[in-house]
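Below are the chains, spelled out letter by letter.
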Amino acid sequence: MLTDPTAVFGPLTPPPSGTPGGEADTPGQTAPGLPVRAENKYMQVAIEEAAAGITLRHGGPFGCVVVKDGQVIGLGHNRVLENNDPTCHGEISAIRAAGESIGTYDLSGCELYTTGEPCPMCLCACLWANISKVYYGCTIEDNQRIGFRDEKFDRLFGGREAFSDYLVCIDREACLKLFDAYEHMDRTNY
């Protein structure tokens, strides 16, 4: 196992998580050393946000972007370990940042891009926030491969069939590279 995340990603300057602006708000840029290139510019930003989070050892490889009218209004990455908060997933962080950014709890008309298919908690948060569409990279099964137990909770709630028009998988191969790098890091499983 690698003990230094920069061996995988190179030196990263973490984006200013949760607030639009700065490098992280410029879709399509690749962080130095990041071995991933997504086709979708917003998924690329989500990947970079996730890479910054795992480099800082904040949590799992889950980065998220909320977009409204073509503008990034919220960024977030998993901060479970940093905050000792089991609910501080990337989607939750990005939704909170987006609401604060535009001054409302109602994110109607927004799209969310995330590196991993949302767990049941995050899926419900997207629905409560009125997010119009969710684009994800890695699947629930991919999340399980790197040690996360989303599938267990999905079975309790009856699966994902009702959300087939709401949840759209894109850039899976790019996100899998991020997950592969994370899998080979010295990390805390939770």
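Residues numbered from 1 in each chain as written. Predicted model: local features only at pLDDT ≥ 70, side-chain atom pairs only at ≥ 80, totals over all residues. Heavy atoms only, no water.

**Q** Help me understand the nonpolar core in this model?
**A** A general trend in soluble globular proteins is that nonpolar side chains are found buried together. If you look at the biggest cluster of nonpolar residues, it comprises 28 residues, and the most contacted ones within it are Met-43, Ile-47, Val-65 and Tyr-113. Mapped onto this core, the elements with two or more residues apiece are helix H2 (41-55), strand E1 (63-68), strand E2 (71-77), strand E4 (133-138) and helix H8 (172-183). In terms of residues, this core owes the most to one element, H2, which gives 8 residues. Ignoring any residue separated from it by four or fewer positions in sequence, one finds Met-43 in contact with Ala-38, Tyr-113, Thr-114, Thr-115, Tyr-135, Tyr-136, Gly-137, Ile-170, Asp-171 and Cys-175. (Core = buried A, V, L, I, M, F, W, Y, C linked by side-chain atoms within 4.5 Å. Buried < 20%, exposed > 50% of the residue type's maximum accessible area, 1.4 Å probe, protein only. Helix = DSSP H or I, 4+ residues; strand = E, 2+ residues; numbered from the N terminus. Contact = heavy atoms within 4.5 Å.)

**Q** What am I meant to see in the environment of Gly-90 here?
**A** Relative to the assigned elements, Gly-90 resides in helix H4 (residues 90-102). For Gly-90, a relative accessible area of 1% puts it in the buried group. Taking the C-alpha atoms as reference, Gly-90 lies 9.3 Å from Gly-59; in sequence the two are 31 residues apart. For Gly-90, the residues in contact, after removing those within four places along its chain, are Phe-62, Cys-64, Gly-76, His-77 and Asn-78.

**Q** Got a minute to help me understand helix H5 (residues 120-128) in this structure?
**A** One full turn of an α-helix is made of 3.6 residues, so residues set three or four places apart face in the same direction. Residues of H5 that are buried include every one of Pro-120, Cys-122, Leu-123, Ala-125 and Cys-126, and no others. On the buried face of H5, the contacting elements are H4, strand E3 (110-116), E4, helix H7 (150-156) and strand E5 (167-169). Residue Asn-130 follows H5 closely and has a positive phi angle near 70°.

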